[in-house]
Amino acid sequence: MEETSEKQLSATEAFEKLEKVGEGTYGKVYKAREKATGKIVALKKTRLPEDSEGVHPTTLREISLLRMLSKDPHVVRLLGVKQGVNKSGQTVLYLVFEYMDTDLKKYIRSFRQSNECIPAKTVKCLMYQLCKGVEFIHAHGVLHRDLKPHNILMDRATTTLKIADLGLARAFNLPMKKYTHEILTLWYRAPEILLGATHYSTAVDMWSVGCIFAELINKQALFQGDSELQQLLHIFRLLGTPNDEMWPGVSQQKNWHVYPQWRPQKLSTAVPNLDEDGLDLLSKLLQYEPSQRISARKAVEHPYFRDVDTDNL
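Because the structure is a prediction, the values reported are computed rather than measured.

Draft legend 1. Geometry of the side chain of Asp72. The residue Asp72 is located in the loop between helix 2 (57-69) and strand 4 (78-85) in this model. Within the buried set, Asp72 has no salt-bridge partner at all; the shortest N-O distance to an opposite charge, 7.0 Å, is to Lys132.

Draft legend 2. Quick look at unusual backbone geometry. Of note in the backbone geometry, Arg145 takes a positive phi value of approximately 75° without being a glycine. Tracing the backbone through its elements, the reader meets Arg145 in the loop between strand 7 (142-143) and strand 8 (152-155). We classify Arg145 as buried; its relative accessible area is 3%.

Draft legend 3. Structural view of the side chain of Gln253. Take Gln253: it is sitting in the loop between helix 7 (228-239) and helix 8 (267-270). Apart from residues no more than four positions distant in its own chain, Gln253 is found in contact with Glu192, Leu195, Ala197 and Trp247.

Draft legend 4. Expanded view of the nonpolar core. If you look at the biggest cluster of nonpolar residues, it comprises 82 residues, and the most contacted ones within it are Leu104, Met127, Leu130, Phe213, Leu216 and Leu286. Residue contributions to this core peak at 10 residues, all from helix 6 (residues 203-218). When residues of this core are assigned to domains, at least three fall in each of domain 1 (12-98) and domain 2 (102-305). Not counting residues up to four positions away in its chain, the partners in contact with Phe213 are Val123, Met127, Leu274, Gly278, Leu281, Leu282, Leu285 and Tyr304.

Draft legend 5. A look at the confidence of the model for the chain. Mean pLDDT over the chain: 88, with 87% of residues reaching 70 or higher. Here residues 1-7 is a poorly scored stretch, pLDDT under 50, and it has 14 contacts once near neighbours within four places are set aside; other chains count.

Draft legend 6. Main features of the sheet that holds strand 6 (residues 102-103). The 3 strands lie next to each other as 6-8-9, forming an open sheet whose pairing is antiparallel. Bordering the open sheet on either side are strand 6 and strand 9 (160-163), each of which pairs with just one other strand. Looking at chain direction, strand 8 and strand 9 are connected through 4 bridges and run antiparallel. Across the sheet, residue Asp155 finds its bridge partner in strand 9, namely Thr160. Seen against the sheet, helix 4 (residues 120-139) touches strand 8 and strand 9 and runs at an angle of roughly 30° to strand 9.

Draft legend 7. Focus on the packing of helix 4 against helix 6. Packing of helix 4 against helix 6 brings their axes to within 11 Å, and their N-to-C directions diverge by 170°. Between helix 4 and helix 6, the angle is such that the two are roughly antiparallel. On helix 6, the residues that touch Val123, Leu126, Met127, Leu130, Cys131, Val134 and His138 of helix 4 are Asp205, Met206, Val209, Ile212, Phe213, Leu216 and Ile217. Residues that form the contact of helix 4 with helix 6 fall into these classes: 12 nonpolar, 1 polar and 1 charged.

Draft legend 8. Spatial organisation of helix 9 (residues 276-285). For helix 9, every residue scored as buried is listed here: Gly278, Leu279, Leu281, Leu282 and Leu285. Down the axis of helix 9, the sector holding all buried residues measures 160°, keeping them to one side. Taken together, the buried residues of helix 9 touch helix 6, helix 8 and helix 10 (296-300). Capping of helix 9 at its N-terminal end is provided by Asp275; its side-chain oxygen lies 3.3 Å from the backbone amide nitrogen of Asp277.

Conventions we followed
- All residue numbers refer to position in the chain's written sequence, counted from 1.
- Where local features are concerned, this predicted model is filtered to residues with pLDDT of at least 70; where side-chain atom pairs are given and counted, the filter is 80 or more; whole-chain, interface and lining totals use all residues.
- Neither water nor hydrogens contribute to the side-chain values; these are computed over all heavy atoms in the structure.
- Numbered from the N terminus, helices here are DSSP runs of H or I no shorter than four residues, and strands are runs of E no shorter than two.
- A 1.4 Å probe rolled over the protein chains alone gives each residue an accessible area, and that area as a share of the maximum for its type sets the label: buried under 20%, exposed over 50%, partly exposed in between.
- Note on charges: Lys and Arg go in the positive column, Asp and Glu in the negative column, and His and the chain ends are not counted at all.
- What makes a salt bridge here is a side-chain nitrogen of Lys or Arg within 4 Å of a carboxyl oxygen of Asp or Glu, nothing more.
- Every residue pair with non-hydrogen atoms within 4.5 Å of one another is taken to be in contact.
- Definition of nonpolar core: a set of buried residues of the types Ala, Val, Leu, Ile, Met, Phe, Trp, Tyr and Cys, connected through side-chain atoms within 4.5 Å.
- How far each domain reaches was decided by an automatic or database domain assignment.
- Per-residue confidence from the predictor is reported as pLDDT, a score between 0 and 100.
- If DSSP finds at least two bridges between two strands, the strands pair.
- Lines are fitted to the C-alpha atoms to define the axes, a helix being fitted only along its stretch in contact, and any angle between axes, read from their N-to-C directions, falls within 0 to 180 degrees.
- Roughly parallel here means an angle under 35 degrees, roughly antiparallel means over 145, roughly perpendicular means 65 to 115, and every remaining angle is called oblique.
- By the convention adopted, Pro, Cys, Tyr, Trp, Phe, Met, Ile, Leu, Val and Ala count as nonpolar, Lys, Arg, Asp and Glu as charged, and the other residues, Gly among them, as polar.
- As used here, the arc belongs to the directions running from the helix axis to the C-beta atoms.
- Throughout this description, a polar contact denotes any pair of N or O atoms lying within 3.5 Å of each other; where both atoms belong to protein, one of them has to be capable of donating a hydrogen while the other can accept it, and for residues adjacent in sequence the pair is counted only when both atoms sit in side chains.

Right, here's the structure in full:
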């Protein structure tokens, strides 16, 4: 949908909703057909506060970020923005995105149900695209802050991957501002956030990428805590309880306590079906000290991806 096709039609006039396909951070998502062209799109209906005199700042931020980031093939494309009115007469905003037929969460679940492994070549292809997309987002001064399988869309037929739901993303400027730590789904949350850090950077997304990598191999989340404390303990059991020697300043973190002392386990015990290069990349993604965690740019150059056919991605 080009800008020229955006006549002053409301969303309800311009699109036929086909089915609800999910719930994003800030609103419902529908599969819809553009009436003028028959094109299938995803409509994200954004909730606006009742007393709002304009568009919510979060939504404005998301729109401006998406317009900028949509240029990358590994970020879901924003095709347009429409206004509509709900039953109570309140203005609602519809973000019109390209439609993708599944997400990584559903994709992983389908393999778990069929009791098959995701082919190693497919995992590599998906991971390469994820790292490329994150590299692009970070290069444009943006943190995603909520990377998880549910927010990573894909086309099953072509194995194309696209990062979505930038509702919690925000542009970052140096020096780092204090950010809320009530972000990120628990299972993909970096240890510095769990320990109460309010100054953090792109490394939080790279921790999430590492968790997603392990999940593609194991078909289940690597660290499944049901509270911040439980989540930390799961991480410590595998990677060893951190100390100031391996992670300078960790004992000064706001939420630091005296924890049980675990020795680091080999990653291969937790992620057994990964080759040596894959385990090396995973260990670099799951580094405790954020400054030591591999960047997306460096991850893309890792030997694990040496045999990926990058021309078609």
